[in-house]
Amino acid sequence: MDFYKSAQVIVDSAIALLKAAGRTIVDRLTVMKTAYLIEREYFLTKKERLTNLTYYKYIYGPYNGLIVNRLEELASENKIEKESDYEYNIAFYSPKNILPEKVSKRVIKKLKTYDYSFSLVDYVHSFKEVQETSFGEEIRLEKAT
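Asker: Help me out: how do you make sense of the packing of aromatic side chains in this one?
Answerer: Within this structure, the stated rule accounts for 8 aromatic pairs. Ring centres 5.4 Å apart and planes at 65° place the aromatic pair Tyr-60 and Phe-118 in the edge-to-face group. Of this pair, Tyr-60 sits in the loop between strand S2 (56-58) and strand S3 (61-63) while Phe-118 sits in helix H5 (residues 117-125), and the two are 58 residues apart along the sequence. Since its relative accessible area comes to 42%, Tyr-60 is described here as partly exposed. Taking relative accessible area as the criterion, Phe-118 reaches 36% and is therefore assigned partly exposed. Ring geometry for Tyr-123 against Phe-127: centres 4.9 Å apart, planes inclined by 80°, an arrangement best described as edge-to-face. A relative accessible area of 5% means that Phe-127 is categorised as buried. Following the ring pairs from residue to residue traces out a cluster consisting of Tyr-36, Tyr-55, Tyr-114, Tyr-123 and Phe-127. The ring of Phe-127 is capped by Arg-40, whose NZ or CZ atom sits 3.7 Å from the centre of that ring.

Asker: Honestly, the pattern of salt bridges in this entry has me stumped. Any pointers?
Answerer: When their charged atoms lie close together, side chains carrying opposite charge are able to pair. Throughout the structure, instances matching the rule amount to 10 salt bridges. Residue Glu-101 pairs with Lys-105 through a salt bridge whose shortest N-O separation is 3.0 Å. Here the residue Glu-101 and the residue Lys-105 both occupy positions in helix H4 (residues 101-113), the gap between them amounting to 4 residues, near one helical turn. Residue classification places Lys-105 among the exposed positions, given a relative accessible area of 54%. In this structure, Glu-142 and Arg-140 form a salt bridge, with 3.4 Å as the shortest nitrogen-oxygen distance. By sharing partners, the salt bridges in this structure join Asp-12, Arg-70 and Glu-73 into a single network.

Asker: Where do I start with the environment of Ser-126 in this structure?
Answerer: The residue Ser-126 is located in the loop between H5 and helix H6 (128-131) in this model. Judged by its relative accessible area of 40%, Ser-126 falls in the partly exposed class. A polar contact is formed between the side chain of Ser-126 and the backbone oxygen of Tyr-123, at a distance of 2.5 Å.

Asker: It is not clear to me how unusual backbone geometry should be interpreted in this structure. Could you clarify?
Answerer: What you tend to see is this: most non-glycine residues have negative phi, and most peptide bonds are trans. Non-glycine residue Lys-47 carries a positive phi angle of around 60°. Structurally, Lys-47 is set in the loop between helix H2 (28-46) and S2. With a relative accessible area of 63%, Lys-47 lands in the exposed category. Even without a glycine there, the phi angle at Asn-78 is positive, about 60°. You can see Asn-78 is positioned in the loop between helix H3 (65-76) and strand S4 (81-82).

Asker: Help me understand the side chain of Thr-133 in this model?
Answerer: Examined against the element boundaries, Thr-133 turns out to sit in the segment after H6. For Thr-133, a relative accessible area of 8% corresponds to the buried category. Polar contacts involving the side chain of Thr-133 include one to the main-chain carbonyl oxygen of Glu-129, which spans 2.5 Å. For Thr-133, the residues in contact, after removing those within four places along its chain, are Lys-57, Glu-138 and Ile-139.

Parameters and conventions
- Residues numbered from 1 in each chain as written.
- Predicted model: local features only at pLDDT ≥ 70, side-chain atom pairs only at ≥ 80, totals over all residues.
- Heavy atoms only, no water.
- Phe/Tyr/Trp six-rings, centres within 6.5 Å; stacked < 30°, edge-to-face > 60°.
- Helix = DSSP H or I, 4+ residues; strand = E, 2+ residues; numbered from the N terminus.
- Buried < 20%, exposed > 50% of the residue type's maximum accessible area, 1.4 Å probe, protein only.
- Lys NZ or Arg CZ within 6 Å of the ring centre and 35° of its normal.
- Salt bridge = Lys/Arg side-chain N within 4 Å of Asp/Glu carboxyl O.
- Polar contact = N/O pair within 3.5 Å; in protein donor to acceptor, adjacent residues only side chain to side chain.
- Contact = heavy atoms within 4.5 Å.

In structure tokens, the structure reads:
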């Protein structure tokens, strides 16, 4: 799977699960952390990666610029509505959820528990593989436990 397709898959999956968790207005931070959470839960469940995207440790945790690009592309295609520089209305976009049910349920449960962007950031920051990664370096999912 190429990087462009990987970004499509992970953003569509994140939007599907955010909507399932009852959210219609989301910020980039929430989509980014949800994408990482999906990748992590998928890896822990299937022992393989969902996509080939690389996440880097930045100020607010795991980051991949292709996820932001995909959000902007969806907004430019009028599939989601850009509410501000950082917020999107995802209410009318219904991507297909391709994730295993076990992964979806785990992520939705976490999204309902950590329903504020920065509480989700704090949760993702607590992961061993994130804590052990230096700023700007690649986060290795293989270290997830």
